[in-house]
Amino acid sequence: MPLTSDAPAADAPERAAPQSADPPALKVVPVRHPARWAAIALTAVLLAQFVHGLVTNPGWEWGVFAQFFTTETILRAVGTTLQLTLYGTALGFLLGLVLAFMRLSDSPFLKAVAAGYIWVFRAVPLIVQLLFWFNLAYLYKRIDIGIPFGPGFLSFETVNLVGAMSAAVLGLALHQAAYAAEIVRGGVLAVDGGQLAAAAALGIPRLRQLRRIVLPQAMRAILPNAANEVISLFKGTSIVSVMAIGELFYQVQVVYGRNGRVVPLLMVATVWYVLLTGALSVLQHYIERHFAKGASR
C-alpha cells in the first residue's frame, strides 16, 4: 500500500491567482479633419453668396421670368423640343443597334461599312449635318423608288418630302446612331462570352440568345452611357434653331428679340432644361434599377 502525505507535492503547480477587475475603457478620440471643415465652410459661403445674388440682383428680372415661364408659346416650344428628343432617340438607337451588330459580325464588309458610318458621323459637326439635310433638295430634286440603277415606280419631290422638321429629326437620328452603336457594342462586349457558348450548346436559337441572354445583361452597361447621350441630345436640340424650328431655345430668342429682356428669357430656357433633364435622370434611375435585378452590388 503506497504511503500518502498531507503535505502538497513540491512540483505541484501553484493555484492561479484570481483575475482582477475589467481594465478601464479606452478613450476614443475621433480623427480631426480641419481641411474638410474649411472646404465645407468655404463652399457654404460661396453658395450663400450665389443664392443671395440671384435673389437680390434686379438684373435677373424674376418678374419677367415668371411672366413668360408658362406662356403658351414657351410650352409649345418645350413640346417641340421633347418631340425632337423622342424621335431622335428612338430612331438613333434603333439604327445604332443595327450598326453595333454589324461591327460585331464576322463579315469584313459589314464591319467596314459600320465603322465607316460611325467615323463619318462622329467626325462631322451636328450643325453641318443638319444644314446638309435641310438643303437636300438642292442636291436631289426628287427621290425615285424602283429597280436599283433602273427605272423607278414611285417618285417624290424632295422639297415636299424633307421639310424643316423632317430634316431635323433625320439629322439628329443619324448623328445619334453613330454614338449609340458604340454604346451598344461596348455593352454587348461586356457580357461573358461563355454564356453564349453555353446557350449554343443547349441549342438555343441565335436570336433568342440575343433577346433573352445578351441584351438584358448588356443593358446594365449600356444604360448609363445611353442616358448621357439622351440628355446630350435633349440639350443639342437647341442647334436646330438655325433651321428656324420653334423649339425652346429658338422661341426664347424670338421673344427676347422683341422685348429686349435677354437674361430673364435665357433663364426661362435654362430652368426648363434643368427640370426636364432632372426628370430624365429620375427615369434613368428607375430603368437602371429594373435591369439591375439579381445583380450583386
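Quick note: structure is the one above.
Since this is a predicted model, take the numbers as computed values, not measurements.

K.L.:
Talk me through the environment of Trp133; I want residue IDs and the actual numbers.
P.N.:
Examined against the element boundaries, Trp133 turns out to sit in helix H5 (residues 126-134). As a C-alpha pair, Trp133 and Leu170 span 37 residues in sequence and 7.5 Å in three-dimensional space. With residues near it in sequence (within four places) discarded, Trp133 still touches Val162, Ala167, Leu170, Gly171 and Leu174.

K.L.:
Residue-level account of the side chain of Gln251, with values.
P.N.:
Along the polypeptide, Gln251 turns up in helix H11 (residues 248-259). Gln251 has contacts with Thr73, Ala77 and Gly246, leaving out every residue within four places of it along the chain.

K.L.:
Can you explain the layout of surface pockets? Please cite residues and give values.
P.N.:
Taken as a whole, the largest pocket encloses approximately 500 Å³ of empty space. What lines the largest pocket is a set of 19 residues, and nearest its centre among them are Thr89, Leu223, Ala226, Val230 and Ile287. Counting residues per element, the ones that place at least two in the lining of the largest pocket are helix H3 (72-103), helix H10 (206-236) and helix H12 (262-291). Per-element accounting of the lining of the largest pocket gives the leading share, eight residues, to H10. The residue inventory of the lining of the largest pocket, partitioned by class, reads 16 nonpolar, three polar and no charged. When its volume is computed, the second largest pocket comes out at roughly 380 Å³. Contributing to the lining of the second largest pocket are 15 residues, with Phe101, Leu104, Val188, Leu196 and Arg206 lying nearest its centre. Within the residue set of the lining of the second largest pocket, elements represented by two or more residues are helix H8 (164-189), helix H9 (193-201) and H10. Take the lining of the second largest pocket: its biggest share by element is five residues, from H10. Residue classes in the lining of the second largest pocket are distributed as nine nonpolar, three polar and three charged.

Analysis parameters
- Residues numbered from 1 in each chain as written.
- Predicted model: local features only at pLDDT ≥ 70, side-chain atom pairs only at ≥ 80, totals over all residues.
- Heavy atoms only, no water.
- Helix = DSSP H or I, 4+ residues; strand = E, 2+ residues; numbered from the N terminus.
- Contact = heavy atoms within 4.5 Å.
- 1 Å grid on protein atoms, 1.4 Å probe; cavity = no way out; pocket = protein on both sides within 12 Å on 5 of 7 lines; lining within 4 Å.
- Points joined across faces, edges and corners; volume = space filled by probe spheres on them.
- Nonpolar A, V, L, I, M, F, W, Y, C, P; charged D, E, K, R; others polar.

Structural measurements only, silent on function.
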